[in-house]
Structures are given as structure tokens and as C-alpha cells.
Amino acid sequence: MFTAILALALLALAFGLLLGYAAVRFKVDSDPIVDKIDAILPQTQCGQCGFAGCHPYAEAIAKGEADINMCPPGGETVVMALADLLGRDAKPVEGGVKEKMVAFIDEQTCIGCTLCLQACPVDAILGAAKQMHTIIEGECTGCELCVEPCPVDCISMIPIKVAPATWTWPYPATSTKPEQAS
Amino acid sequence: MTKPTSTTTAAARKLWQFHGGLHLPDHKSLSCEQPIQPAVLPKRLVLPLQQHIGAPAKPIVEVGERVRKGQTIAQPDGFVSAALHAPTSGTVVAIEERAVPHPSGLTAPCIVLESDGEDRWVELQPHGNWTTLDASELRNLIREAGIVGLGGAGFPSFIKLNPGARTEIDTLILNAAECEPYITCDDRLMRERADEVIAGARIMRHALHARRVVIGIEDNKPEAHAALRDALARVDRSDIELVQVPTRYPTGGEKQLIKVLTGKEVPSQGLPIDINIVCHNVATAAAVHRAVEHGEPLISRIVTVTGRGVATPRNLEVLIGTPVDDLLRQCGGTTPTLSRLVLGGPLMGITLPHSGLPITKTGNCILALAPGEFGQHGPVRNCIRCGECARACPANLLPQQLYWHARAKDFDKVQDYNLFDCIECGCCAYVCPANLPLVQYYRYAKTAIWAQARDKKKAELARERHDFRTERQEREKAERAAKLAKKKAALEESPAADSEEAKKAAIKAAMERAKAKREAAGVEPKNTDNLTADQQRQIDEAEARRATEKKNESANERE
Ligand code: SF4
Ligand code: SF4
Ligand code: SF4
Ligand code: SF4
């Protein structure tokens, strides 16, 4: 009987520690430079950089294991900000910059399998087993991770519509030769 | 300046000067001599739900609904927003995305109204005796009338008439400068409807509890000045001061006019209200008068149609939503040499992609430019660092530095140089000998910075949600593992502890049951009912023997 109680107590302690560790591990980061890099990354969590998400990529950059131009969703802006932060040279984004997209579920086709829901890194999909699923548009990062798992191909990525209020003036196209800033 | 007098400031009034600015050919005589003409009632009006700064209005009519002139067709959505009214009577034929007059050339939600030609008003509720209304009632009337700043960006006027509980307004400035070349809509308004402007100024002053009102007008509009002076004399208002200021672009800039009239500087990225001043355009004042004293919502405005690209330039009173096409046609059509259609003035306006777009509340001027008509049109060269731009900048900025940093997309630096104090007046680009599209760079940088701020906000939300999800997954994993372990442990516990004995006991019990069965079956044949005592004794003896024999047997076996 005593062994049983001891075993349970040890187990409880072990998992308690694990939980505590998880909480610490994903809330506070000990490395400030990783945080600074992570703050620049777009948090799309798409894995296009070759890492499991933005934070792992930030860690890899901090360790010098990854270049600063591997994040297509971040585009030129992120490369420039990283170059600035780390004192490295900016360079074109690996794989080119893509249009911003948002996922869309064809609700007639959705069978409610929850596979996309499990794939979404930011919980932007609303649904339950055997119920139709919906994307919360404002929270979707456009990472496309939900597209592949869908067994009935009902998820498509649609470009985010630019409205007059979110439109940006184009960078002036002039014919002068590039010069150095003073 | 024809008559060097004004009702209240016969003595030389001290004026200040802002840094920079330009003397420009004003081209105002093209359009300023013809009286305002009402624009022909259009067949179709397109009314963008957003004609102001803030949130788009929310439609409260349905497709197919018949509306009267002046009826509210869209309500303000939130605090910073403005209502929209039917500019004429007719039928709502669509509520859909339509091309809007915006530099992006994009579409936005609009209400499309087909006029029935009758132009029938809703019943209006005038408040002739507005002095009995308090400030908040006045603001409400102005809000419901959909009035926004008619001079520039279109900020909802009722907000700029609300100083807040603790701020005392010293001066209400009425902006009558109209400093940008070509534009004469305010000039004509003041000449023809000076009484409305003064009446509006008084209402605004009442709403603000402003200590005084100062009307600032450039000295290239002597007729308008005279008209205002006469109107002031008629109502005998000595607390409204009419001041002529030197003509210099961009005196009509809010901060610049405040500097000229009061010598005060609005702090960087601040508002006039920070220094107890509120500034409104003269046309807005007239609209306030109409809204309060006639109950008329803002459904029309005066638009200057001008430039050498149009046959007969003039000012038209235009219903909001009228297509630019109609206006050009009424002014004799465009000339074959038309090179560019601009909404607004030549320095601050935006190029229109085509003339099918509607006039909105902020559309003060349609400028049809002939080739080479205004400004420099040379090839773009490299910056020669001449510093002309800095000398011209009325906001006291360093346009050259802004240019370099905007061009290098260094958005931190460009903000360090106070990009957001730039009023996009175009003085720097006008004087630049290298013909650099400087303002384009600043507009690009400003909108790119806003976009970045939006992205950043979105990224923060995504990070939060991702962290939350990761945490939840870890927790669920841990919980699942804990549950599993507990279940296993629990399963083992009850038999678990003394499993050996339990097993043995179970086996023993089973064996015993089997043995009993066996014995009952044959080894102990029983015919023992109704036994006599003798019989019983014999049986017992036999049993005892057997038992001993058995014992011996087993003893032998063991040996
Ligand atoms: S590519 Fe960019 S957005 Fe996608 S996971 Fe990597 S860092 Fe994050
Ligand atoms: S909904 Fe799809 S595309 Fe959007 S964030 Fe989730 S997984 Fe990515
Ligand atoms: S005016 Fe033009 S050329 Fe001269 S310093 Fe400014 S940007 Fe350069
Ligand atoms: S556009 Fe901006 S930088 Fe150029 S002169 Fe005007 S305020 Fe100065």
C-alpha cells in the first residue's frame, strides 16, 4: 500500500514540475535577443522559414544558425528590421514575398473532421467534431497550414482585400540612380 | 487689398509669420468672377459611406426604398463618424462597392441613388432661436446633419466643437485663407453668402464658449473681405474680428494660420486645442448655420471647376454624389489638350483616374490641367543638396532628410525628422530643382508606417494566440499523461498491493471449490439420511480410519 502512495505522489510531483516548466518555457524567455528578434517576426507561424514557428526561427537566428532573410510573410520589412537590429546586411527575401492571404472554408463541403482546427497555430478556426468549421478572419495569419490536412479540400486561401483605409501609397518610381544616404 | 479697413481692427493689428511658404501664381481669376451656379440635378448619385475621417457610416435604407431629399440614409457608426443624407429625392437602387475618389483608385461601399427629378424635401426642423440651446444640443444637431470639415480632410465637425469639460477655448479661428492656387469656392461663398458664414461663426462660438472669434482671410480676396465686413456690420458683432493676412501659400494650413494670427505654435504632433484654439473652415460655418437655423443637413457643397483643360471654369453648387463628368459637361466640357484631372488644388490634390467618380463632402475643386500648366515638369534628377526645400517648408522640417530616409525606407529615422508634422503642402517639391517627387515619398512613408503598425498589432495578437495554444497543448499533453499514469496506478492498486497472496487465495478458493465438488460427487458417497445412532458411529469410525489411512498415505508419498 505504501509503495502505491509513494508512486502516486512522485508522479504528481513530476507532472507538476512538467506543467510548471511548460508555463515558464512558453511565457518568459531568458534570452532577450531572441525576444527582440521574435518581436520583429510576423508571428504567422507558417514554418516557411524551415523552423517550427517564429520563435524557433528567432532562436536559430540568435544562435547564428539561420540567415535573416528566410521569412516570406515578413518580407522586406522584416529583413530590414532584423538587419538593423543585428547589424547585418539586408538581402532579398528567400522565396520571394507573397501577397497577404486569409483562409476561407467552404462551409457546404466541410465535414467537420477537426483536422484543420488541430493544424491552426493560432486557434483561428472555430468548430467542433461533425460541425461546420469557420475561420475567424481577424485572427487568421494566412499561414496555409490548415489547407493541406483538409480531407475534402474545402479550404482555400483568398487574398486580403485592400480597402482605401488600408491602402499604402506606392514607393515612388523614379529614374534616378541609387545614391547613398547622408 | 482695396480698402485697408476692417470693422474691428482699424489700428494696425500685429501679425506673425510662419517659416517658409511660397508666393505662387494663384490662377484664381479663372473661376472667381462667375457667380455660383447650381449644378444640374444628376440622374444618378453615388454616395460613398466614408466621406470623412473615421468609421464609415452604416446604411439605414434598403435597395428599392424611396427617399426624400435630406432624409438620413446612413448613420454614424461610432463616435468618429458622420451621417449621410439623400441629396435629392429618389430611389435607392444599389448599396454596393463603387469606385471612389481616393488616390488608391479602389472601390468602397456606396449607396447609389436614382433621382426622381422632383427634389422633394423631408420635413425640416429649423432652430431659429438657437441661443436657447446648450452646447451639447447644438453639437447633436450638427452631428445629425452630417457636417464634416469642408476645407480639407473632412473631420466630423461636432467633435471639433467639443472642447471637453476642462478645456477653455480662447479663440475660434475661421479659416478663410483659401491659399491654394485655382480654388475659389470659399471666395465665392463669402462674396455671395457672407451672412451665412457669420451666422455659422456665431453658432460655433456659442457651442465652444470661445472667448473670441477671428476670421483670417488672405488679402487677395478683397471682395470677399468686404462682404464679410458688411455682414458683420449688419449684425453688429464687435466680438468677431476680421483680419486680412498676407497672401502666401500655405497660410490656409491650420498651424500656419494660427501662427500668423496669434503668434502661437501648435506643438509637434499636437492639435490647436492644445493651445486653446479651434479652427474651422468658413464653408463649414455656413453649413452649420444651414443645419441649425434651417434644419438642412449637409447634402451639397460648392465646387470649383477650373483649369485650362475645361472650357468655362466656374463654381457650382453640387449635390454630394454627383459625378465629376456632369460638372465638366456643365462647364463646357474638357478641352482636347486636357492632360490631368485633379481633385483638389495643384499642390495638395490627387490625380483622378477618370471622370466617372462622384463628388464627396471634401471635394472642393476639380482641376483640369492642360499640358505644362502648373509647376515644373522636368525630368527627375538626383538631389543636389541645395537646401531649397528646407527654406520653403512651412512646417520647419528638413525635407531633404525626410526624402533620404523615406527613400531608404528607414522609418525610424524619418519619424525622428518629424515626418508626421509634414502637412503635404508640396512647397518642397515645388521648389526642388531636381524635380524630385518629394511629397510622394512622404505619403509613401506615412502610409507604410501605418501599415507596419497594423501588422505589428496583428503579429502581437497572433503571438499571444500561438503562445496560448502552445501552452494549452503542453498542458493537455501533461494532463493526459498524468491521467494515464493515474489510471494505470489505480488499476493496479486494489489487487495490486498484495497481488501474490491474492492470486494464491484465488487459486486456493478455486481448488477448494473443485475439491468440494469432487468430494460431493463421489469420494464421499452418502447414504446418510435417517441414520441410527449405531450406524452413525460406525460411519464415524470408518471415516476416522480412512482419514488416518490417508494421512499415512500422504506421509508415505512424501518420504
Ligand atoms: S517563415 Fe516567418 S512567419 Fe513563417 S514561421 Fe518562419 S518566421 Fe514565422
Ligand atoms: S486558419 Fe489556416 S491559414 Fe489561417 S492561421 Fe489558421 S491554419 Fe493558418
Ligand atoms: S530642393 Fe531638391 S535638390 Fe534641393 S536639397 Fe531639397 S531635395 Fe535636394
Ligand atoms: S510637403 Fe511636408 S516637407 Fe514638404 S514643404 Fe510641405 S510640410 Fe514641408
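Residues numbered from 1 in each chain as written. Chains lettered and ligands numbered in written order. Predicted model: local features only at pLDDT ≥ 70, side-chain atom pairs only at ≥ 80, totals over all residues.

**What about the overall build of chain B?**
Working step 1: Within chain B, the regular secondary structure consists of 15 helices and 17 strands.
Working step 2: Put simply, chain B has 559 residues, and 44% of those count as buried.
Working step 3: Here the analysis covers contacts within chain B between residues at least 6 apart in sequence; of these, 73% occur between residues at least 24 apart. (Helix = DSSP H or I, 4+ residues; strand = E, 2+ residues; numbered from the N terminus. Buried ≥ 20, exposed ≤ 12 C-beta atoms within 10 Å, placed from the backbone. Contact = placed C-beta atoms within 7 Å.)

**Topic: the domain arrangement of chain B**
Residue and element names in this part refer to chain B.
Working step 1: Taken domain by domain, chain B consists of domain 1 (29–118 + 135–368) and domain 2 (376–489).
Working step 2: Computed over C-alpha atoms only, the centres of domain 1 and domain 2 are separated by 31 Å.
Working step 3: Tallying the contact residues gives 8 residues for domain 1 and 10 residues for domain 2. (Domains from an automatic or database assignment.)

**So, the nonpolar core**
Among soluble globular proteins, nonpolar side chains are generally buried collectively.
Working step 1: With 134 residues, the main nonpolar core has V197, I215, L228, V303, L327 and L438 of chain B as its most contacted residues.
Working step 2: In terms of domain composition, this core takes at least three residues from each of domain 1 (29–118 + 135–368) and domain 2 (376–489) of chain B.
Working step 3: In this view, I215 of chain B contacts L174, A176, L228, I240, E241, L242 and V243 of chain B; residues no more than four positions away in its chain are not counted.
Working step 4: With 16 residues, the next largest nonpolar core counts L41, Y57, V79 and L82 of chain A among its residues. (Core = buried A, V, L, I, M, F, W, Y, C linked by C-beta atoms within 7 Å.)

**What about the confidence of the model for chain A?**
Working step 1: Put simply, chain A has an average pLDDT of 81, and 79% of its residues get 70 or more.
Working step 2: Of the regions scoring below 50 in pLDDT, residues 175–182 of chain A engages in 10 contacts with residues more than four places distant in sequence or in other chains. (pLDDT = per-residue confidence, 0-100.)

**Section: the sheet that holds strand β3 (residues 58–59) of chain B**
Residues and elements named next belong to chain B.
Working step 1: Across the sheet, 3 strands lie side by side as β3-β5-β6; this open sheet has antiparallel pairing. On the outer flanks of this sheet lie β3 and β6 (84–85), each paired with one strand and no other.
Working step 2: As judged from the 2 bridges shared by strand β5 (residues 72–75) and β6, these two strands associate in the antiparallel manner. What sits directly across from T72, in β6, is H85. (Pairing = 2+ DSSP bridges.)

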